[in-house]
Each structure stands twice: as structure tokens, then as C-alpha cells.
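A closer look at the structure
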Amino acid sequence: MANHEHSTKQTRQQRPHFEVVDLFCGIGGLSYGLKTAGFHILAGYDLDWTCQYAYETNTGGTFNYRDVNTITGDEINKLYSKRKNTIRVLAGCAPCQPFSSYAFKNKQKDPNKYDLLYQFGRLVEEVRPDIVTMENVTQILNFKAKPVLQDFIDKLQSLGYSVDARPVYCPDYGIPQTRKRLVLLASRLGEIKLIPPTHDKAHYITLREVIGNLPPLEDGETSPNDPLHRAKSLSPINKQRIRATPYGGSWRDWPEELKLQCHKTERGSSFGSVYGRMVWEKPAPTMTTQCTGLGNGRFGHPEQNRAITAREAAMIQTFPMDYKFFEDEKNVSIVKASRYIGNAVPPKLGEIVGISIKNHINQTI
């Protein structure tokens, strides 16, 4: 019996301890997913100070309101513990807007944002963590203006990291939206790869499975038990439009008098999903920072005459019901909530990354 207890104690002491510092952390979607996988979250860095409450409350890490350009490797290294068998993870999701196809069609570009991934690379070089993980939009794979991703990969490989960077279709991993993301994993300890898909097309999580049991709402109405489950009010003309939109349909199904002038142009006619309704039997479309607005994409409820609520968007993004977005939960900002949720890494994807890292460590050590 004594020998068995000694063996168990020894195994427990040798079990790896995972510690995470998260750059560009937002409200903590990636950190929370890693925490769910059993990682210890030390700290997050972000330039949106309003994310502090959500990040610290849900992940247990310390939020630092800082510009990544001012962070040093020494500062980050002091955060990691000196305990034995610690696996140091440096994570981050550099803001992706400059790399998206939408940004190049519709927005002024901020050239400074292109450099955020280079700053990430600088910190990897200064910190030399055991594991690096990064998530971004898939367009960064073919970004023409600057080879930022390849430069980042080259930097990691020059420092001795094995790198796996691949596009991920979120439904393949149990995330109920058609989001496509680039996921990068890098390790100094040997070859590392994302785990194989956990779901096939026949078993994708559907919209009905996720939000089908929430209380029905009219536009402008709030659930008495959930301030995040609030539908934005619609103008009289938009009320007519959503009523004229059939199941799975969009503005293309409206009578001529309800159509917007922009939809009648060649460019406008290409946005066929705008003002569209989702369908129950499939995953939702990608959640964006404006997903609670009817005219911003296919964000109409499948049956109810309204756009989806922030609660529905959060559930589609795999945030649990008990995730705390605001300290004052009675007076929530739907605009802020939509931005937080749309910008976040789905926690489930963070968990998949964490499981992949653990598998890698178990096979390596």
C-alpha cells in the first residue's frame, strides 16, 4: 500500500503544469478555452480596457491594459512560475481586421496593425516559451500586401520551433457556426499538430441544438431572466422586411417596394445573405461584431421576426451561460456585448487547442 501511495504521489509531481500568457486577449475566449482544458491562466494583455472585468472574472488571469509594442520578454518571463514540469504557453490572436477580405473592400487600413504579428514574433524570441499558439482569419494565408504569416512562421522555425498552421472549419470541432479560422501551433519540444476533427458533416452541431430552447422574443423585447437575451428594436420598414423573409430566405425574396436601392446595384446584389434568416438544421453563419443587427448579414432568427440576441450569439460562439460579460448584469450594453462576442476566439476552439497541446506533451515527454 505504501509503495502504491508513493507511486501515485510521484506521478502527480511529474504531471506537466501548463501556464498561459495571452496577448490580444479580449474578454478571454481563448484563455477560457485553455482553462477548460486544464491550463493555468496567468495573464492577458489587451488595448481595450473594458475587457478587464470579463477576462479576470472568467479566466482567473490578471488583465494588463497595455500596447503589445511596449511589452518586454523579461516582463512576461517573470509571470511564469519556476516550478518543475511547467510548460510555458504564449498565446494570442493578433487583431485580424487588416487581413480580412472585407477590410480591403470596405475600410481604411491601419498599417500599424500589420506589425502586430511581428511584435508577437519579437516576444516569442525574447521569451522562448515551450509552446506558441495563434489564431487568425484564413485570409492571412494568402495575404498579398505583406507576407506576415510566412515571416512569423520563418521566425518560429529559425528559433527551433516545429510549426503546424492550418485552416480550421469550426463545425468540424463542434462549434456551431461556419467560421473558418487559421490555427497555428508551435513547439520547441518536437512535432505538434492540431487534433483531428471531432465531428463530421452528419453530426455537426445545429442552430436548433444551441438556441432552440431559449424563450421567444419580439423585436425590442428583453427576457426578464436574462439581460443579454434582448432583441434590438426594428423600424417599421424593417418589421415589414423580416415578415416578408421566408425561412432561410433573404432580401431577394422581398417584393420590390421593400428592397433597398443598394441591393439593386450590381455590387449590392452580390450580398445575398443580408437581412437573411438562419435555418435550424445547420450551423449558424460566422458571428461578427455586428451580428445582433438584422441588416448586417444572415442574422435573422429562423422563425421569430427579429435579429438574434447577444445571448444567442454568445451561445453560438460556445460561451457558457454562466460567462460573465459585465459587472452590472442588469444594465448591459448590447453594442459592447456584440463586439466582445464577435471579436472573441470561440472558447471551444481554445479548448481544442489546449487538448492538442496536452496530447503533444504526453507524446513528447
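Up top you'll find the structure we're talking about.
Along each chain, residues carry numbers from 1 onward, in the same order as the chain's sequence is written. The predicted nature of this model means local features are confined to residues of pLDDT at least 70 and side-chain atom pairs, given and counted, to a pLDDT of 80 or more, with totals for whole chains, interfaces and linings taken over all residues. Think of the side-chain values as coming from all heavy atoms in the structure, minus any hydrogens and water.

Section: the overall build of the protein chain
In plain terms, the rule: Under the DSSP-based scheme used, a helix requires at least four consecutive residues in state H or I and a strand at least two consecutive residues in state E, with every element numbered from the N terminus. In this scheme, a residue with accessible area under 20% of its type's maximum is buried, one over 50% is exposed, and one in between is partly exposed, where area comes from a 1.4 Å probe on protein chains only. The contact rule is simple, with two residues in contact once any of their heavy atoms fall within 4.5 Å.
Of the regular secondary structure elements, the protein chain holds twelve helices and nine strands. When each of the 365 residues of the protein chain is scored for burial, the buried share is 51%. Summarising the internal contacts of the protein chain: among those between residues at least 6 apart in sequence, 66% fall at separations of at least 24.

Re the pattern of salt bridges
Stated precisely, the cut-off is as follows: Salt bridge, as used here: a side-chain nitrogen of Lys or Arg that lies within 4 Å of a carboxyl oxygen of Asp or Glu.
In the structure shown here, the tally under the stated rule is 14 salt bridges. Here Arg181 ties to Glu135 by a salt bridge, and the two come within 2.7 Å at their closest N and O atoms. Taken together, the positions of Arg181 in strand β7 (residues 180–187) and Glu135 in strand β5 (residues 131–137) put the pair 46 residues apart, joining distant regions of the chain. Taken individually, Arg181 and Glu135 each receive the classification buried, so the pair is uniform in this respect.

Here's the deal with the nonpolar core
The cut-off we apply is this: By nonpolar core is meant a set of buried Ala, Val, Leu, Ile, Met, Phe, Trp, Tyr and Cys residues that side-chain atoms within 4.5 Å join together.
Judged by nonpolar contacts, the single largest core of 61 residues is most densely connected at Met287, Phe325 and Ile357. Residues contacting Phe325, with those up to four places away along its chain left out, are Ile27, Tyr53, Ala54, Leu228, Arg311, Ala314, Phe319, Tyr340 and Ile341.

Here's the deal with the packing of helix α2 (residues 29–36) against helix α3 (residues 52–59)
Stated formally: For helices, the axis comes from a line fit to the C-alpha atoms of the stretch in contact; other axes are also lines fit to C-alpha atoms, and the angle between any two N-to-C directions lies between 0 and 180 degrees. For classification purposes, an angle smaller than 35 degrees is called roughly parallel, one larger than 145 roughly antiparallel, one from 65 to 115 roughly perpendicular, and anything else oblique. Under this grouping Gly is polar, as are all residues other than the nonpolar Ala, Val, Leu, Ile, Met, Phe, Trp, Tyr, Cys and Pro and the charged Asp, Glu, Lys and Arg.
Their axes nearest at 10 Å, the elements α2 and α3 cross at an angle of 5°. On the basis of the axis angle, α2 is roughly parallel to α3. Two secondary-structure elements touch here, α2 through Ser31, Tyr32 and Lys35 and α3 through Tyr55, Asn58 and Thr59. Considered class by class, the residues forming the contact of α2 with α3 number two nonpolar, three polar and one charged.

Things to note about a nonpolar patch on the surface
Rules: Patch construction takes residues with relative accessible area above 30% that form no salt bridge. Like charges are linked within 9 Å, and nonpolar side chains (Val, Leu, Ile, Met, Phe, Trp, Tyr) are linked within 5 Å. Accessible surface area values rest on a Shrake-Rupley calculation with a 1.4 Å probe, where residue burial reflects the displayed protein chains alone.
Among the surface-exposed residues, Leu47, Trp49 and Tyr65 lie close enough to one another that they form a single nonpolar patch of about 390 Å² accessible area. Within the secondary structure layout, Trp49 lies in the loop between β2 (40–46) and α3. In this structure Trp49 comes out as exposed when scored by relative accessible area, which is 56%.

Re the sheet that holds strand β1 (residues 17–23)
The line we're drawing: Any two strands are treated as partners once DSSP identifies two or more bridges connecting them.
Taken in spatial order, the seven strands make up an open sheet running β3-β2-β1-β4-β5-β7-β6, and their pairing is mixed. Because the sheet does not close on itself, it has two edges, and the strands there are β3 (62–65) and β6 (162–169). Across the sheet, the mean angle from the axis of one strand to that of its neighbour is 15°, orientation sign disregarded. Pairing of β6 with β7 involves eight bridges; the strand directions are antiparallel. From the neighbouring strand, Tyr169 faces β7, where its bridge partner is Lys180. Of the strands in this sheet, β1, β2 and β3 are in contact with α3, which crosses β3 at around 155°.

Some points on α3
Our working definition: Regarding the arc, it is the one traced by the directions from the helix axis to the C-beta atoms.
When we look at burial in α3, the residues that qualify are Ala54, Tyr55, Asn58 and Thr59. On an axial view of α3, the arc spanned by its buried residues comes to 100°, and they lie on one face. Contact partners of the buried residues in α3: β1, α2, β2 and β3. Gly60 occupies a position one or two residues after α3 and carries a positive phi of about 80°.

Comments concerning the packing of aromatic side chains
For clarity, the cut-off: Pairing of aromatic rings covers Phe, Tyr and Trp, the last through its six-membered ring, and needs centres within 6.5 Å; plane angles under 30 degrees mean stacked, over 60 mean edge-to-face, and all others mean tilted.
For the structure shown, the criterion picks out eleven aromatic pairs. Ring centres of Tyr32 and Tyr323 lie 5.1 Å apart, and the angle between their planes is 75°; on these two criteria the pair is classed as edge-to-face. Of the two residues, Tyr32 is situated in helix α2 and Tyr323 in the loop between α10 (310–316) and α11 (334–343); the sequence distance between them amounts to 291 residues. Measuring from centroid to centroid gives 5.2 Å for Phe120 and Phe152, while their planes differ by 40°, and the two rings are tilted. Pair noted here: Phe120 is in helix α6 (residues 116–127) and Phe152 is in helix α7 (residues 148–158), with a separation of 32 residues, a long-range link. Through a chain of ring-to-ring contacts, the aromatic side chains of Tyr32, Phe319, Tyr323 and Phe325 assemble into a single cluster.

Describing unusual backbone geometry
Even without a glycine there, the phi angle at Tyr275 is positive, about 65°. One can find Tyr275 in the loop between α9 (236–243) and α10. Residue Thr318 is not a glycine yet carries a positive backbone phi of 75°. You can see Thr318 is positioned in the loop between α10 and α11.

Quick word on the pairing of strand β4 (residues 86–92)
Of all seven residues making up β4, seven are buried, and the element is well covered by its neighbours. Where burial is concerned, the two faces of β4 agree: the one with Thr86, Arg88, Leu90 and Gly92 and the one with Ile87, Val89 and Ala91 are both buried. Pairing geometry for β1 and β4, over seven bridges, is parallel. Bridge pairing links Asp22 to Ala91 in β4. Bridge analysis of β4 against β5 gives four bridges, and the strand direction is parallel. The residue of β5 that forms the bridge with Leu90 is Val132.

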